[in-house]
Amino acid sequence: SDSESGSEDSSLSDSELQEAFSRGDLKPGLNVVLEERPKRRNDTNGLKQCLSEFKQQLAWVERLDVTLGQAFDPVSQSASSKDAVDPENDFQREMSFYRQAQAAVLEALPRLRKLQVPTRRPDDYFAEMAKSDQQMQKIRQKLKSKQEAMERSEKAKQLRAMRKYGKKVQTEILQKRQKEKKNMLNAVKKYQKGLSDKLDFLDEEQTSSQGNKKGSGSQQIKKGPNAKRRYKNQKFGFGGKKKGSKWNTKESFNDVSSFRPNVAHNKGPGKAGKRGKKALNKRPGKRARQKMKNRAR
């Protein structure tokens, strides 16, 4: 069968396959006849002709091509040759590229300056950003939030430091007062027991009390009328003394020119008639009314 013949053919050697192919035993479509590979030719003349066809004779400023070796290495005091570069060494290979780029820059910059070609970007140069404005706005907001968070943390640190310093000062003052009080009590005990005859602690107490009085006096001076009250007093004048304004003096006591006896003793013209009318219209007292009721019964 065909499958048996195929399995037999696959187990045959190359020479047997060739013989079977020449006899026509192998069916077409199962094998591909390979043609002989063309030989590579180094046609230098043809390459030069192609180069001359598409080559354009332009000025160097239009081409900006620089072909040089590597730059001078100041460390090794020599220019590293191409043959000395190990292609398997990544660092050495990249350094050779870097040196070659340096040599090209050192050669091209003077030529560009000589041709008055600007090599630096101007300050007002506008270039489109790689990122959109929305993305940059997000970045700005994120940076701003970070900066605000840092400022808040810095303020919190300062407040904590100030509180710590305030507590420290407060504890120092309390310790100082306790120490002074202790020294005072020890001095009093020594004086009571007769171990000391000095009364310096009393002088210190007096000076401290005088200082407190001075401080309270300054506070009392500060507790005067405010600026608004002083301005009104200056504008409208002070109302004068109120307390004791009706007290008699020696001159007012001796002055009797304004005395009117008729008015003082209720003896003026028309007083009697008024008093009579009052007497007629006067209501009797409670006992008189009670007696009048008893009589009527």
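Residues numbered from 1 in each chain as written. Predicted model: local features only at pLDDT ≥ 70, side-chain atom pairs only at ≥ 80, totals over all residues. Heavy atoms only, no water.

You'll find the protein chain entered in an unreviewed UniProt entry as EBP2 protein, with Glareola pratincola given as the organism. Its UniProt record gives the protein chain a comment under Subcellular location (unreviewed entry), which states: "Nucleus, Nucleolus". Taken from UniProt, the Sequence similarities (unreviewed entry) comment for the protein chain reads in full: "Belongs to the EBP2 family." (UniProt positions renumbered as here; feature names shortened; annotations may be inferred.)

(A) Representation of the overall build of the protein chain within the structure. A count of helical and extended segments in the protein chain gives 12 helices and zero strands. Taken from N to C terminus, the helices and strands of the protein chain fall in the order α-α-α-α-α-α-α-α-α-α-α-α. Within the protein chain, contacts between residues at least 6 apart in sequence are counted, and of these 45% link residues at least 24 apart. Looking at the protein chain as shown, the accessible area adds up to about 29,700 Å², and 53% of this sits on carbon and sulfur atoms. (Helix = DSSP H or I, 4+ residues; strand = E, 2+ residues; numbered from the N terminus. Contact = heavy atoms within 4.5 Å. Areas by Shrake-Rupley, 256 points an atom, 1.4 Å probe, with all protein chains shown as cover.)

(B) Broad picture of the packing of aromatic side chains. Enumeration over the complete set of coordinates arrives at zero aromatic pairs. The ring of W60 is capped by R111, whose NZ or CZ atom sits 3.9 Å from the centre of that ring. (Phe/Tyr/Trp six-rings, centres within 6.5 Å; stacked < 30°, edge-to-face > 60°. Lys NZ or Arg CZ within 6 Å of the ring centre and 35° of its normal.)

(C) View of a positive patch on the surface. Together, K157, R160, R163 and K167 make up a positively charged patch on the protein surface. Within the element layout of this structure, K167 appears in helix α6 (residues 133-193). Relative accessible area serves as the criterion here: at 59%, K167 is assigned to the exposed category. (Patch = residues over 30% accessible without salt bridge, like charges linked within 9 Å, V, L, I, M, F, W, Y side chains within 5 Å. Salt bridge = Lys/Arg side-chain N within 4 Å of Asp/Glu carboxyl O. Lys, Arg positive; Asp, Glu negative; His and termini not counted. Charge placed at Lys NZ, Arg CZ, Asp CG, Glu CD. Buried < 20%, exposed > 50% of the residue type's maximum accessible area, 1.4 Å probe, protein only.)

(D) Spotlight on unusual backbone geometry. With phi around 55°, L64 is a residue other than glycine that occupies positive phi space. By the element assignment, L64 lies in the loop between α4 (60-63) and α5 (90-114). The phi dihedral of Q116 is positive, around 60°, even though this residue is not glycine. In this fold, Q116 is placed in the loop between α5 and α6. By relative accessible area, which is 72% here, Q116 ends up exposed.

(E) Representation of the UniProt feature "coiled-coil region" (unreviewed entry) in the protein chain in the model. Residues annotated in UniProt with the feature "coiled-coil region" (unreviewed entry) correspond here to residues 129-156. As a span, residues 129-156 carries 86% helix and 0% strand, and end to end its C-alpha atoms are 38 Å apart.

(F) Broad picture of the side chain of R99. Considering the arrangement of structural elements, one finds R99 in helix α5. With relative accessibility at 14%, the residue R99 sits in the buried group. For R99, the side chain forms a polar contact with the side chain of Q102, separated by 3.1 Å. (Polar contact = N/O pair within 3.5 Å; in protein donor to acceptor, adjacent residues only side chain to side chain.)

(G) The pattern of salt bridges, seen in detail. For the structure on display, the rule yields two salt bridges. Among the ionic pairs, R63 bridges to D65, the shortest N-O distance being 2.7 Å. Look at D65 and you get partly exposed, because its relative accessible area is 38%. Between D90 and R93 there is a salt bridge; the shortest N-O distance is 3.0 Å.

(H) Representation of α6 within the structure. Given a rise of 1.5 Å per residue, 61 residues ought to cover 90 Å, and the 89 Å separating the end C-alpha atoms of α6 matches this to within 8%. In the stretch just after α6, G194 is the one whose phi turns positive, near 85°. (Expected span 1.5 Å × (residues − 1).)

(I) Examining the confidence of the model for the protein chain more closely. Per-residue confidence for the protein chain averages 77 on the pLDDT scale, and 73% of its residues sit at or above 70. Mean pLDDT across the elements of the protein chain ranges from a minimum in helix α1 (residues 2-10), with 45, to a maximum in α5, with 90. Of the regions scoring below 50 in pLDDT, residues 1-10 engages in three contacts with residues more than four places distant in sequence or in other chains. (pLDDT = per-residue confidence, 0-100.)

(J) Molecular detail of α5. Between its first and last C-alpha, α5 extends 37 Å over 25 residues, near the 36 Å set by a 1.5 Å rise per residue. Among the residues of α5, S96, R99, A103, A108 and L112 are the ones counted as buried. Contacts made by the buried residues of α5 are with α4. Between the side-chain oxygen at the start of α5 and the backbone nitrogen of F91 there is a gap of 3.4 Å, and the oxygen is on N89. Count one or two residues on from α5 and you reach Q116, which has phi positive near 60°.

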